[in-house]
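Notes for the structure review
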Amino acid sequence: MNTFIALQKLWYGDVLTTAPTQTTIETTIASMTEVKNVHGDTWGYEESDPESTDYLNALTGQNYYVDKTKNGIPTIKFTMGEYEYQQKADLQGGEVIKETSTPVGWARPTELENIYKCVVALSKTGVYIIFPKAQIIAKGDAQDKNIGLGVTANCVEPDVNTVKPEYWIKKKTEE
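Residues numbered from 1 in each chain as written. Predicted model: local features only at pLDDT ≥ 70, side-chain atom pairs only at ≥ 80, totals over all residues. Heavy atoms only, no water.

Here we look at the pattern of salt bridges
A full pass over the atoms with the stated rule returns three salt bridges. In this structure, K77 engages E46 in a salt bridge whose closest nitrogen and oxygen atoms are separated by 3.6 Å. Of the two residues, K77 sits in strand β6 (residues 74-80) while E46 sits in strand β3 (residues 44-47), which places them 31 residues apart along the sequence. Assessed through its relative accessible area of 34%, K77 is described here as partly exposed. (Salt bridge = Lys/Arg side-chain N within 4 Å of Asp/Glu carboxyl O. Helix = DSSP H or I, 4+ residues; strand = E, 2+ residues; numbered from the N terminus. Buried < 20%, exposed > 50% of the residue type's maximum accessible area, 1.4 Å probe, protein only.)

Rendered as structure tokens:
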């Protein structure tokens, strides 16, 4: 029996174009950016309720059919308590301001940007939750007087039809 308890690590990177496997996931996350600081209890996995339409028998008042009309949307949410200007630009858009080669700030984009990343979370019980393509919505998020970077990663349909929208893969044990 598998257990799926809390998240302990997070990464983001380029959208995946091939399906992840137990063999390839470690290599995949090695090329991604690890989220090293999540503020307090601001992170987790959730899925919205699916939507359905109930069809009632007018004579009995009982359901005789339930039509599932929309799947729930899986999301991974977190607020980064400490982050670099590049991470802010990666997840919120905009650009890093540099003096010579040193990042000194960030500038907000003047137009709306759709940002897509692969997001991987590792549960405390050793299961990778992988969104090969996630739409990223990020904002400044005040938490306990800290201006964190609040991120919502919504699982969306990948561009490649051989890649599924979401994977749960058990971490390979060391042999």
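Description of helix α2 (residues 85-92)
Most of α2 sits inside the fold, with six of its eight residues counted as buried. Of the residues making up α2, those classed as buried are Q87, K88, A89, D90, L91 and Q92. Of the residues trailing α2, G93 is marked for its positive phi of about 90°.

Some details on the pairing of strand β7 (residues 95-99)
The pairing of β7 with strand β8 (residues 102-107) spans five bridges and is classified as antiparallel. From the neighbouring strand, E99 faces β8, where its bridge partner is T102. Adjacent in sequence and paired antiparallel, β7 and β8 are bridged by two residues, among which T100 carries a positive phi angle near 55°. (Pairing = 2+ DSSP bridges.)

With respect to the packing of aromatic side chains
Inspection of the entire model under this criterion finds six aromatic pairs. Note on F4 and W168: the rings are 5.1 Å apart at their centroids and 75° apart in plane angle, and the pair reads as edge-to-face. In this pair, F4 sits in the segment before β1 (7-13) while W168 sits in strand β12 (residues 167-170), placing the two residues 164 residues apart along the sequence. Judged by its relative accessible area of 38%, W168 is partly exposed. Ring plane angle 55° and centroid distance 6.4 Å describe the contact between Y45 and F131, whose orientation is recorded as tilted. Of this pair, Y45 sits in strand β3 while F131 sits in strand β10 (residues 127-143), and the two are 86 residues apart along the sequence. Note on Y45: relative accessible area 26%, which makes it partly exposed. Cluster of aromatic residues (ring-pair linked, three or more members): F4, Y45, F131 and W168. Stacked on the ring of W106, the Lys or Arg K88 has its end atom at 4.3 Å from the ring centre. For K133, the ring lying beneath its charged end belongs to Y116, and the centroid distance is 4.5 Å. (Phe/Tyr/Trp six-rings, centres within 6.5 Å; stacked < 30°, edge-to-face > 60°. Lys NZ or Arg CZ within 6 Å of the ring centre and 35° of its normal.)

Everything listed here is a matter of coordinates, which is why it stays silent on function.
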